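# Coordinate inspection notes
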Amino acid sequence: MASGGPAFGCAVVIGIGPGLGTSVARKFAKEGYPVALVARSEKHLKPLQATIEKQGGKALSVCADASSEQSLKDAFGVIRSQLGDVEVLVYNAGGGMPSWPPPPVMELDTAVFVNNLQVGCTGAFVAIKEVLPAMTKHKKGTILLTGATASLRGGARVAALGPDQ
């Protein structure tokens, strides 16, 4: 990551939780990027925003449902109006599991699988479509999609995790 902050815009991290999303958002803020923090609920957003701002960074908390095209479009509208164009997109959203460990394929509820597919694939597609116009205009930008080993190594209990990884 180059020092000196953004060339033209902000960083957006979709999927702020207690782990990777928070760490990535803090790193971009430390490098001088205004950071949009996006998650389903404010549980992790407001504390992280306060931490970033206390350290001299700029952050914006936005609640959005990554399984909903309109929710994501609305979120990007807020982000662009308050932080400007998006230079960096980190798509870290996951559909989640109602229980752990995940059930075997034969016991997996189809609705859970479809939700994870919607969050992981369709949500990423919508988010990318939202940031590409500015990146194309500026001839610069970065899109990062996170994943987990479930996307690379199959197993009887990871069928619900694969689609959103």
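So, here is what we can say about the structure in this document. Just so it is clear, the structure is predicted and the values come from calculations on it, not from any experiment.

Side chains that are nonpolar tend, in soluble globular proteins, to be buried together. The biggest cluster of nonpolar side chains holds 24 residues, and the ones touching the most others in it are Val12, Ile14, Phe76, Ile79 and Tyr91. Looking at this core, the elements with two or more residues in it are strand 1 (10-14), strand 2 (35-39), strand 3 (59-63), helix 3 (69-83), strand 4 (86-91) and helix 4 (110-138). Per-element tally for this core: the top contributor is helix 4, with 6 residues. The contact partners of Ile79, leaving out residues within four places of it in the chain, are Cys10, Val12, Ala36, Val38, Leu60, Val62, Gly84 and Val86. The next biggest cluster of nonpolar side chains, apart from the first, holds 17 residues, and it includes Phe28, Leu37, Ile52 and Val90.

So, about the environment of Ile128. When you line up the elements, Ile128 lands in helix 4. What makes Ile128 partly exposed here is its relative accessible area of 22%. Taking the C-alpha atoms as reference points, Ile128 and Leu145, separated by 17 residues in sequence, lie 10.0 Å from one another. Apart from residues lying up to four places away in sequence, Ile128 is in contact with Leu89, Ile143 and Leu145.

What follows deals with the pattern of salt bridges. Overall, the coordinates contain 5 salt bridges when judged by the stated rule. Notably, a salt bridge pairs Lys73 with Glu69, separated by 3.2 Å at the nearest N-O pair. Residue Lys73 and its partner Glu69 are located together in helix 3, separated by 4 residues, close to a single helical turn. By relative accessible area, which is 35% here, Lys73 ends up partly exposed. Take Glu69: its relative accessible area is 42%, and that puts it in the partly exposed class. Close ionic contact of Glu130 with Arg80 constitutes a salt bridge, the shortest N to O distance being 2.9 Å. With Glu130 in helix 4 and Arg80 in helix 3, the pair connects residues that are 50 residues apart, well separated along the chain.

The next point concerns the packing of helix 1 (residues 20-30) against helix 2 (residues 45-54). Where helix 1 contacts helix 2, the two axes come as close as 10 Å, and the packing angle between them is 25°. If you check the angle between helix 1 and helix 2, you find them roughly parallel. Our pair here, helix 1 against helix 2, has a crossing hand that is right-handed. On helix 2, the residues that touch Thr22, Ala25, Arg26 and Ala29 of helix 1 are Leu48, Thr51 and Ile52.

All right, on to a nonpolar patch on the surface then. A cluster of nonpolar side chains, Phe113, Val114 and Leu117, forms an exposed patch at the surface whose accessible area comes to about 220 Å². In this structure, Val114 sits in helix 4.

Quick look at the sheet that holds strand 3 now. With parallel pairing, 5 strands are arranged side by side in an open sheet as 3-2-1-4-5. Every interior strand has two partners, whereas the edge strands, strand 3 and strand 5 (142-145), have only one. Strand-to-strand twist across the sheet, computed as the mean angle between neighbouring axes with direction ignored, equals 15°. In this structure, strand 4 lies alongside strand 5, joined through 4 bridges in parallel fashion. Across the sheet, Tyr91 pairs through a bridge with Leu145, a residue of strand 5. This element, helix 2, spans strand 2 and strand 3 of the sheet and lies at about 170° to strand 3. Contacting strand 1, strand 2, strand 3 and strand 4, helix 3 crosses the sheet at an angle of about 160° to strand 3.

What counts and what doesn't
- Residues numbered from 1 in each chain as written.
- Predicted model: local features only at pLDDT ≥ 70, side-chain atom pairs only at ≥ 80, totals over all residues.
- Heavy atoms only, no water.
- Core = buried A, V, L, I, M, F, W, Y, C linked by side-chain atoms within 4.5 Å.
- Buried < 20%, exposed > 50% of the residue type's maximum accessible area, 1.4 Å probe, protein only.
- Helix = DSSP H or I, 4+ residues; strand = E, 2+ residues; numbered from the N terminus.
- Contact = heavy atoms within 4.5 Å.
- Salt bridge = Lys/Arg side-chain N within 4 Å of Asp/Glu carboxyl O.
- Axes fitted to C-alpha atoms, helices over the stretch in contact; angles between N-to-C directions.
- Parallel < 35°, antiparallel > 145°, perpendicular 65-115°, else oblique.
- Left-handed = near helix turned anticlockwise from the far one by under 90°.
- Patch = residues over 30% accessible without salt bridge, like charges linked within 9 Å, V, L, I, M, F, W, Y side chains within 5 Å.
- Areas by Shrake-Rupley, 256 points an atom, 1.4 Å probe, with all protein chains shown as cover.
- Pairing = 2+ DSSP bridges.

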